[in-house]
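Residue-level structural notes
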Amino acid sequence: MKTRKLTVLTEGGRLYGFGHLTRCLSITNCFRESGLTIDYIIDGDDTVSAIMEDQSFRLMDWLENSNLFSKLKDSSFILIDS
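Below is a short write-up of the structure. (Residues numbered from 1 in each chain as written. Predicted model: local features only at pLDDT ≥ 70, side-chain atom pairs only at ≥ 80, totals over all residues. Heavy atoms only, no water.)

This next bit is on the nonpolar core. The nonpolar side chains of a soluble globular protein tend to be buried with one another. One finds L6, V8, L21, C24, L25, L36, I38, Y40, I42, V48 and M52 forming the largest nonpolar core, which totals eleven residues. The set of elements that each furnish at least two residues to this core consists of β1 (5–12), α1 (19–33) and β2 (37–44). Discounting chain neighbours no more than four positions away, the residues touching C24 are V8, T10, Y40, L79 and D81. If you look at the next biggest cluster of nonpolar residues, it comprises six residues, including L9, I41, L68 and L72. (Core = buried A, V, L, I, M, F, W, Y, C linked by side-chain atoms within 4.5 Å. Buried < 20%, exposed > 50% of the residue type's maximum accessible area, 1.4 Å probe, protein only. Helix = DSSP H or I, 4+ residues; strand = E, 2+ residues; numbered from the N terminus. Contact = heavy atoms within 4.5 Å.)

This is how it looks when you write it as structure tokens:
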């Protein structure tokens, strides 16, 4: 059975603050309880590491990155909070 995956595109860090990111963490708790794998793509900086703890994430300026679609190919769902 293919793993169902939710990819979250959001922002966080020194420039943006942490509101988007903490909101997404709260929302995705429900999806995780339903068995989805959660992956975050965050437009931000390394200050998000403390908040993300054991979460799977990568930092990327996803609005400007032409490789974004290749990162989303294996996603069942995409949540955008920008």
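Having seen the model, we can carry on.
Here we come to unusual backbone geometry. The backbone of E53 shows a phi angle near 35 degrees, a positive value even though the residue is not glycine. Within the element layout of this structure, E53 appears in the loop between α2 (49–52) and β3 (56–59).

Our next topic: the environment of L21. Relative to the helices and strands, L21 resides in helix α1. Linking L21 and T10, residues eleven residues apart in sequence, is a C-alpha distance of 6.5 Å. Among residues more than four places away in sequence, those in contact with L21 are T10, E11, I42, V48, I51 and M52.

Bringing the pairing of β1 into the picture now. Where burial is concerned, most of β1 is hidden: eight out of the eight residues are buried. With eight bridges joining them, β1 and β2 adopt parallel strand pairing. Within the sheet, the bridge partner assigned to T7 lies in β2 and is D39. A crossover links β1 with its parallel partner β2, the connecting element being α1, and its sense is right-handed. Alignment of β1 against strand β4 (residues 77–80), held across four bridges, turns out to be parallel. Directly across from L9, in β4, lies its bridge partner I80. (Pairing = 2+ DSSP bridges. Right-handed = clockwise from strand over helix to strand, strands pointing away.)

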